[in-house]
Amino acid sequence: MKRIVTIQDISCLGKCSITVALPIISAMGVEAAIIPTAVLSTHTMFKGFTCKDLDDQIVPITDHWKNEGIKFDGIYTGYLASGQQIATVMSVIDKLKDDTLVVVDPAMADNGKLYPAFDSEFPKEMAKLCGKADIILPNITEASFLTGSEYKTEYDESYIDELLKKLAALGSKKVVLKGVVLDGKYGVICYNCKTGERSMYSHEKIPVGYHGTGDVFSSTFVGALMRGKSMEDAVKLAADYTVECIKITFNRVGEDFYGVDFETAMPFLIDRLK
(Lines give C-alpha, C1' and ligand atoms only; values in the text may rest on other atoms or scores of the structure.)
Protein backbone atom coordinates (compact mmCIF):
# COMPACT_ATOMS: atom_id res chain seq x y z
CA MET A 1 0.00 0.00 0.00
CA LYS A 2 1.25 3.47 -0.90
CA ARG A 3 1.73 5.92 1.97
CA ILE A 4 1.53 9.72 1.80
CA VAL A 5 1.76 12.45 4.40
CA THR A 6 -0.47 15.48 4.11
CA ILE A 7 0.65 18.69 5.79
CA GLN A 8 -2.18 21.16 6.43
CA ASP A 9 -4.56 22.39 9.10
CA ILE A 10 -7.34 20.60 10.93
CA SER A 11 -10.59 22.54 10.75
CA CYS A 12 -12.63 20.64 13.31
CA LEU A 13 -15.92 21.55 11.61
CA GLY A 14 -16.62 22.58 8.05
CA LYS A 15 -15.36 19.99 5.53
CA CYS A 16 -11.95 21.14 4.36
CA SER A 17 -8.22 20.49 4.77
CA ILE A 18 -7.34 17.32 6.71
CA THR A 19 -10.96 16.42 7.51
CA VAL A 20 -11.44 16.12 3.73
CA ALA A 21 -8.02 14.77 2.75
CA LEU A 22 -7.87 11.92 5.25
CA PRO A 23 -11.17 10.18 4.38
CA ILE A 24 -10.85 10.68 0.62
CA ILE A 25 -7.28 9.42 0.35
CA SER A 26 -7.97 6.52 2.71
CA ALA A 27 -11.07 5.51 0.73
CA MET A 28 -8.90 5.38 -2.39
CA GLY A 29 -6.77 2.65 -0.81
CA VAL A 30 -3.82 4.85 0.13
CA GLU A 31 -2.45 5.26 3.66
CA ALA A 32 -2.64 8.90 4.77
CA ALA A 33 -0.45 10.13 7.61
CA ILE A 34 -0.90 13.71 8.78
CA ILE A 35 1.14 16.61 10.08
CA PRO A 36 -1.38 19.17 11.34
CA THR A 37 -0.15 22.75 10.95
CA ALA A 38 -2.90 24.29 13.10
CA VAL A 39 -6.16 23.36 14.78
CA LEU A 40 -9.17 25.57 14.05
CA SER A 41 -12.58 25.26 15.67
CA THR A 42 -14.15 25.71 12.21
CA HIS A 43 -12.93 26.75 8.80
CA THR A 44 -12.34 30.45 8.25
CA MET A 45 -15.70 31.21 6.65
CA PHE A 46 -17.27 30.99 10.13
CA LYS A 47 -17.16 34.06 12.33
CA GLY A 48 -15.22 33.97 15.60
CA PHE A 49 -13.29 30.76 14.88
CA THR A 50 -10.45 29.76 17.20
CA CYS A 51 -6.99 28.82 15.92
CA LYS A 52 -4.02 27.14 17.60
CA ASP A 53 -0.80 27.29 15.57
CA LEU A 54 1.12 23.98 15.76
CA ASP A 55 4.33 25.17 14.11
CA ASP A 56 6.42 24.06 17.10
CA GLN A 57 5.21 20.46 16.65
CA ILE A 58 5.97 20.01 12.96
CA VAL A 59 9.72 19.37 13.16
CA PRO A 60 9.53 17.10 16.26
CA ILE A 61 6.94 14.92 14.49
CA THR A 62 9.17 14.72 11.43
CA ASP A 63 12.28 13.90 13.47
CA HIS A 64 10.44 11.10 15.28
CA TRP A 65 9.42 9.58 11.96
CA LYS A 66 12.98 9.83 10.66
CA ASN A 67 14.24 8.05 13.79
CA GLU A 68 11.69 5.30 13.16
CA GLY A 69 12.81 4.93 9.55
CA ILE A 70 9.38 5.84 8.15
CA LYS A 71 9.30 6.58 4.42
CA PHE A 72 6.61 8.11 2.23
CA ASP A 73 5.61 7.76 -1.41
CA GLY A 74 4.08 11.23 -1.47
CA ILE A 75 4.07 14.54 0.39
CA TYR A 76 0.98 16.72 -0.08
CA THR A 77 0.78 20.21 1.40
CA GLY A 78 -2.34 22.33 1.72
CA TYR A 79 -3.38 25.32 3.84
CA LEU A 80 -0.48 26.63 5.92
CA ALA A 81 -0.93 29.08 8.78
CA SER A 82 1.84 31.62 8.12
CA GLY A 83 4.88 32.55 6.07
CA GLN A 84 7.06 31.33 8.90
CA GLN A 85 5.33 27.97 8.76
CA ILE A 86 6.10 27.67 5.06
CA ALA A 87 9.81 27.75 5.92
CA THR A 88 9.22 24.99 8.47
CA VAL A 89 7.38 22.84 5.93
CA MET A 90 10.17 23.34 3.39
CA SER A 91 12.63 21.92 5.93
CA VAL A 92 10.31 18.96 6.51
CA ILE A 93 10.21 18.22 2.77
CA ASP A 94 14.01 18.25 2.71
CA LYS A 95 14.07 15.72 5.56
CA LEU A 96 11.38 13.39 4.22
CA LYS A 97 11.99 13.52 0.47
CA ASP A 98 13.57 10.33 -0.84
CA ASP A 99 12.35 9.70 -4.38
CA THR A 100 9.11 11.04 -2.96
CA LEU A 101 6.47 12.82 -5.05
CA VAL A 102 5.81 16.32 -3.68
CA VAL A 103 2.45 17.95 -4.48
CA VAL A 104 1.81 21.51 -3.31
CA ASP A 105 -1.67 22.98 -3.23
CA PRO A 106 -0.92 26.70 -2.63
CA ALA A 107 -4.21 27.17 -0.78
CA MET A 108 -4.25 30.89 -0.09
CA ALA A 109 -6.68 32.74 -2.36
CA ASP A 110 -9.79 32.68 -4.53
CA ASN A 111 -11.97 35.07 -6.49
CA GLY A 112 -9.18 37.62 -6.79
CA LYS A 113 -8.46 37.89 -3.06
CA LEU A 114 -6.12 36.36 -0.51
CA TYR A 115 -7.73 34.50 2.37
CA PRO A 116 -8.25 36.78 5.41
CA ALA A 117 -5.33 35.34 7.43
CA PHE A 118 -2.67 36.22 4.83
CA ASP A 119 -0.83 39.45 4.06
CA SER A 120 0.80 40.58 0.81
CA GLU A 121 4.11 38.88 1.71
CA PHE A 122 2.58 35.41 2.04
CA PRO A 123 2.48 34.61 -1.72
CA LYS A 124 6.23 35.26 -1.97
CA GLU A 125 6.87 32.59 0.66
CA MET A 126 4.39 30.21 -0.95
CA ALA A 127 6.20 30.66 -4.27
CA LYS A 128 9.37 29.31 -2.60
CA LEU A 129 7.48 26.21 -1.47
CA CYS A 130 6.16 25.71 -5.01
CA GLY A 131 9.78 25.58 -6.12
CA LYS A 132 10.25 22.38 -4.09
CA ALA A 133 7.25 20.64 -5.67
CA ASP A 134 6.99 18.11 -8.44
CA ILE A 135 3.43 19.28 -9.11
CA ILE A 136 1.62 22.46 -8.02
CA LEU A 137 -2.18 22.92 -8.05
CA PRO A 138 -3.05 26.65 -8.12
CA ASN A 139 -6.32 28.20 -9.19
CA ILE A 140 -6.26 31.34 -11.37
CA THR A 141 -6.23 33.69 -8.37
CA GLU A 142 -3.38 31.83 -6.67
CA ALA A 143 -1.45 31.72 -9.93
CA SER A 144 -1.71 35.49 -10.28
CA PHE A 145 -0.48 36.08 -6.72
CA LEU A 146 2.34 33.54 -7.04
CA THR A 147 3.65 35.15 -10.22
CA GLY A 148 2.88 38.82 -9.52
CA SER A 149 0.51 38.85 -12.49
CA GLU A 150 -2.67 40.86 -12.92
CA TYR A 151 -5.75 38.89 -11.90
CA LYS A 152 -8.33 38.78 -14.67
CA THR A 153 -11.80 37.32 -14.88
CA GLU A 154 -11.85 37.73 -18.65
CA TYR A 155 -8.77 36.69 -20.58
CA ASP A 156 -7.49 34.96 -23.69
CA GLU A 157 -5.12 32.09 -24.36
CA SER A 158 -2.05 34.32 -24.27
CA TYR A 159 -2.82 35.29 -20.67
CA ILE A 160 -2.96 31.61 -19.67
CA ASP A 161 0.25 30.88 -21.60
CA GLU A 162 2.05 33.64 -19.74
CA LEU A 163 0.72 32.45 -16.37
CA LEU A 164 1.88 28.90 -17.05
CA LYS A 165 5.38 30.03 -18.07
CA LYS A 166 5.70 32.17 -14.94
CA LEU A 167 4.46 29.32 -12.75
CA ALA A 168 6.98 26.99 -14.37
CA ALA A 169 9.73 29.48 -13.53
CA LEU A 170 9.01 28.94 -9.82
CA GLY A 171 10.71 25.55 -10.11
CA SER A 172 8.10 22.77 -10.13
CA LYS A 173 8.13 20.06 -12.78
CA LYS A 174 4.44 20.22 -13.63
CA VAL A 175 1.50 22.59 -13.12
CA VAL A 176 -2.20 21.83 -12.77
CA LEU A 177 -4.05 25.12 -13.26
CA LYS A 178 -7.65 25.00 -12.04
CA GLY A 179 -10.70 27.07 -12.92
CA VAL A 180 -9.64 28.00 -16.45
CA VAL A 181 -12.19 29.34 -18.94
CA LEU A 182 -11.14 29.25 -22.61
CA ASP A 183 -13.32 29.33 -25.71
CA GLY A 184 -16.41 28.99 -23.55
CA LYS A 185 -15.12 25.83 -21.90
CA TYR A 186 -14.43 25.50 -18.16
CA GLY A 187 -11.78 23.17 -16.88
CA VAL A 188 -8.27 22.29 -15.74
CA ILE A 189 -4.97 22.60 -17.62
CA CYS A 190 -2.07 20.16 -17.21
CA TYR A 191 1.30 21.70 -18.10
CA ASN A 192 4.71 20.07 -18.38
CA CYS A 193 7.22 22.73 -17.33
CA LYS A 194 10.13 21.06 -19.14
CA THR A 195 8.55 20.40 -22.52
CA GLY A 196 5.87 23.11 -22.56
CA GLU A 197 3.26 20.52 -23.47
CA ARG A 198 -0.22 21.15 -22.13
CA SER A 199 -3.68 19.68 -22.26
CA MET A 200 -7.04 20.86 -20.96
CA TYR A 201 -9.75 18.74 -19.43
CA SER A 202 -13.12 20.45 -19.72
CA HIS A 203 -15.86 19.66 -17.26
CA GLU A 204 -19.30 20.87 -16.28
CA LYS A 205 -19.54 24.19 -14.43
CA ILE A 206 -22.15 24.25 -11.66
CA PRO A 207 -23.33 27.86 -10.98
CA VAL A 208 -22.49 27.89 -7.26
CA GLY A 209 -19.40 28.13 -5.06
CA TYR A 210 -18.61 26.06 -1.97
CA HIS A 211 -15.78 26.19 0.53
CA GLY A 212 -13.37 23.24 0.43
CA THR A 213 -13.86 22.10 -3.18
CA GLY A 214 -10.18 22.75 -3.84
CA ASP A 215 -9.30 20.35 -1.02
CA VAL A 216 -11.60 17.70 -2.50
CA PHE A 217 -9.92 18.10 -5.89
CA SER A 218 -6.36 18.05 -4.53
CA SER A 219 -6.93 15.08 -2.23
CA THR A 220 -8.53 13.03 -5.01
CA PHE A 221 -5.73 14.01 -7.38
CA VAL A 222 -3.03 12.86 -4.96
CA GLY A 223 -4.87 9.62 -4.23
CA ALA A 224 -5.20 8.91 -7.95
CA LEU A 225 -1.48 9.48 -8.54
CA MET A 226 -0.68 7.07 -5.74
CA ARG A 227 -2.95 4.52 -7.42
CA GLY A 228 -0.76 4.74 -10.53
CA LYS A 229 -2.83 7.06 -12.68
CA SER A 230 -1.17 9.59 -14.99
CA MET A 231 -1.41 13.28 -14.15
CA GLU A 232 -4.02 13.75 -16.87
CA ASP A 233 -6.18 10.83 -15.67
CA ALA A 234 -5.80 11.98 -12.06
CA VAL A 235 -7.07 15.42 -13.09
CA LYS A 236 -10.09 13.89 -14.83
CA LEU A 237 -11.03 11.82 -11.79
CA ALA A 238 -10.47 14.71 -9.36
CA ALA A 239 -12.51 17.13 -11.47
CA ASP A 240 -15.38 14.70 -12.06
CA TYR A 241 -15.60 13.74 -8.39
CA THR A 242 -15.55 17.40 -7.31
CA VAL A 243 -18.35 18.19 -9.76
CA GLU A 244 -20.35 15.22 -8.45
CA CYS A 245 -19.92 16.51 -4.88
CA ILE A 246 -21.13 19.96 -5.92
CA LYS A 247 -24.15 18.52 -7.75
CA ILE A 248 -25.23 16.61 -4.65
CA THR A 249 -24.67 19.60 -2.38
CA PHE A 250 -26.51 21.92 -4.79
CA ASN A 251 -29.78 20.36 -3.67
CA ARG A 252 -29.13 21.39 -0.06
CA VAL A 253 -30.85 24.58 1.04
CA GLY A 254 -28.70 27.26 2.73
CA GLU A 255 -25.21 27.21 4.26
CA ASP A 256 -23.39 27.39 0.93
CA PHE A 257 -20.26 28.42 2.82
CA TYR A 258 -20.15 25.19 4.85
CA GLY A 259 -18.60 22.74 2.38
CA VAL A 260 -19.59 19.97 -0.03
CA ASP A 261 -21.21 16.65 0.84
CA PHE A 262 -18.24 14.63 -0.39
CA GLU A 263 -19.25 11.71 1.82
CA THR A 264 -22.48 11.13 -0.09
CA ALA A 265 -20.57 11.15 -3.38
CA MET A 266 -17.96 8.63 -2.20
CA PRO A 267 -19.54 5.65 -4.06
CA PHE A 268 -19.02 7.60 -7.30
CA LEU A 269 -15.31 7.92 -6.53
CA ILE A 270 -14.84 4.28 -5.58
CA ASP A 271 -16.70 3.10 -8.67
CA ARG A 272 -14.49 5.25 -10.93
CA LEU A 273 -11.36 3.74 -9.38
CA LYS A 274 -12.37 0.21 -10.38
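Provided above is the structure to which this section pertains.
Residues numbered from 1 in each chain as written. Predicted model: local features only at pLDDT ≥ 70, side-chain atom pairs only at ≥ 80, totals over all residues. Heavy atoms only, no water.

Draft legend 1. Inspection of helix α5 (residues 140–147) at higher detail. Burial analysis of α5 places seven of its eight residues in the buried class, which makes it a mostly covered element. Where α5 is concerned, the buried positions are Ile140, Thr141, Glu142, Ala143, Ser144, Leu146 and Thr147. Along its buried surface, α5 packs onto β6 (109–110), β7 (113–114), α4 (122–130), α6 (157–168) and β9 (174–182). Of the residues that open α5, the one with a side-chain oxygen 3.1 Å from the backbone nitrogen of Thr141 is Asn139. (Buried < 20%, exposed > 50% of the residue type's maximum accessible area, 1.4 Å probe, protein only. Helix = DSSP H or I, 4+ residues; strand = E, 2+ residues; numbered from the N terminus. Contact = heavy atoms within 4.5 Å. Polar contact = N/O pair within 3.5 Å; in protein donor to acceptor, adjacent residues only side chain to side chain.)

Draft legend 2. How the structure looks around the packing of helix α8 (residues 231–250) against helix α9 (residues 266–273). At a minimum axis distance of 9 Å, the contact between α8 and α9 shows a crossing angle of 155°. With respect to each other, α8 and α9 are oriented roughly antiparallel. Crossing handedness for the pair α8 and α9: right-handed. Between α8 and α9, the contacting residues are Lys236, Leu237, Asp240, Tyr241 and Glu244 on the first element and Met266, Phe268, Leu269, Arg272 and Leu273 on the second. Across the contact of α8 with α9, the residue classes tally to six nonpolar, no polar and four charged. (Axes fitted to C-alpha atoms, helices over the stretch in contact; angles between N-to-C directions. Parallel < 35°, antiparallel > 145°, perpendicular 65-115°, else oblique. Left-handed = near helix turned anticlockwise from the far one by under 90°. Nonpolar A, V, L, I, M, F, W, Y, C, P; charged D, E, K, R; others polar.)

Draft legend 3. Spotlight on the packing of helix α3 (residues 83–96) against α4. For the pair α3 and α4, interaxial distance at closest approach is 9 Å and the crossing angle is 5°. Between α3 and α4, the interaxial angle falls into the category roughly parallel. In this structure, α3 uses Gly83, Ile86, Val89, Met90 and Ile93 to contact α4, whose residues at the interface are Phe122, Glu125, Met126, Lys128 and Leu129.

Draft legend 4. Representation of the sheet that holds strand β2 (residues 31–40) in the model. Spatially, β3-β2-β1-β4-β5-β8-β9-β10-β11 is the arrangement adopted by the nine strands of the open sheet, whose pairing is mixed. Each edge of the sheet is formed by a strand with only one pairing partner; in this case those strands are β3 (51–53) and β11 (198–202). Note: strand β4 (residues 74–77) against strand β5 (residues 101–104), four bridges, orientation parallel. Residue Gly74 lies in a different strand from β5, and its bridge partner there is Leu101. (Pairing = 2+ DSSP bridges.)

Draft legend 5. A look at the layout of surface pockets. Approximately 1,300 Å³ is the volume found for the largest pocket. In this structure, the largest pocket is lined by 50 residues; those nearest its centre are Asp110, Asn139, Tyr210, Thr213 and Gly214. At the level of elements, β1 (3–11), β6, β7, α5, β9, β10 (185–192), α7 (213–226) and α8 are the ones that each hand at least two residues to the lining of the largest pocket. (1 Å grid on protein atoms, 1.4 Å probe; cavity = no way out; pocket = protein on both sides within 12 Å on 5 of 7 lines; lining within 4 Å. Points joined across faces, edges and corners; volume = space filled by probe spheres on them.)

Draft legend 6. View of the packing of aromatic side chains. If you walk through the whole model with that rule in mind, you get eight aromatic pairs. The interplanar angle of 50° and the centroid separation of 5.1 Å between the aromatic rings of Trp65 and Phe72 together place this pair among those described as tilted. Given a relative accessible area of 16%, Trp65 falls into the buried group. Take Phe72: its relative accessible area is 5%, and that puts it in the buried class. Ring centres of Tyr79 and Tyr115 lie 6.4 Å apart, and the angle between their planes is 25°; this geometry places the pair in the stacked category. Linking Tyr79 in the loop between β4 and α3 with Tyr115 in the loop between β7 and α4, this pair joins segments that are 36 residues apart in sequence. Classification of Tyr79 as buried rests on a relative accessible area of 12%. Given a relative accessible area of 21%, Tyr115 falls into the partly exposed group. Members of the aromatic cluster, joined through ring pairs, are Tyr79, Tyr115, Phe118 and Phe122. (Phe/Tyr/Trp six-rings, centres within 6.5 Å; stacked < 30°, edge-to-face > 60°.)

Draft legend 7. Representation of the pairing of β11 within the structure. Bridge count between β10 and β11: five bridges; the pairing is antiparallel. Its bridge partner being in β11, Val188 is matched across the sheet by Tyr201. Hairpin connection from β10 to β11: five residues lie between these consecutive antiparallel strands, with Gly196 at a positive phi of about 80°.

Draft legend 8. The arrangement of the nonpolar core in detail. Formed by 46 residues in total, the largest nonpolar core has its most connected members in Val5, Met126, Leu129, Ile160 and Leu177. Not counting residues up to four positions away in its chain, the partners in contact with Val5 are Ala33, Ile34, Ile35, Trp65, Phe72, Gly74, Ile75, Tyr76 and Leu96. Grouped together as the second largest cluster of nonpolar side chains are 41 residues, Val103, Leu225, Val235 and Ala238 included. (Core = buried A, V, L, I, M, F, W, Y, C linked by side-chain atoms within 4.5 Å.)

Draft legend 9. The environment of Lys185, seen in detail. You can see Lys185 is positioned in strand β10. Residues Lys185 and Glu197, spaced twelve residues apart in sequence, show a C-alpha to C-alpha distance of 19 Å. The contact partners of Lys185, leaving out residues within four places of it in the chain, are Val180, Met200 and Ser202.

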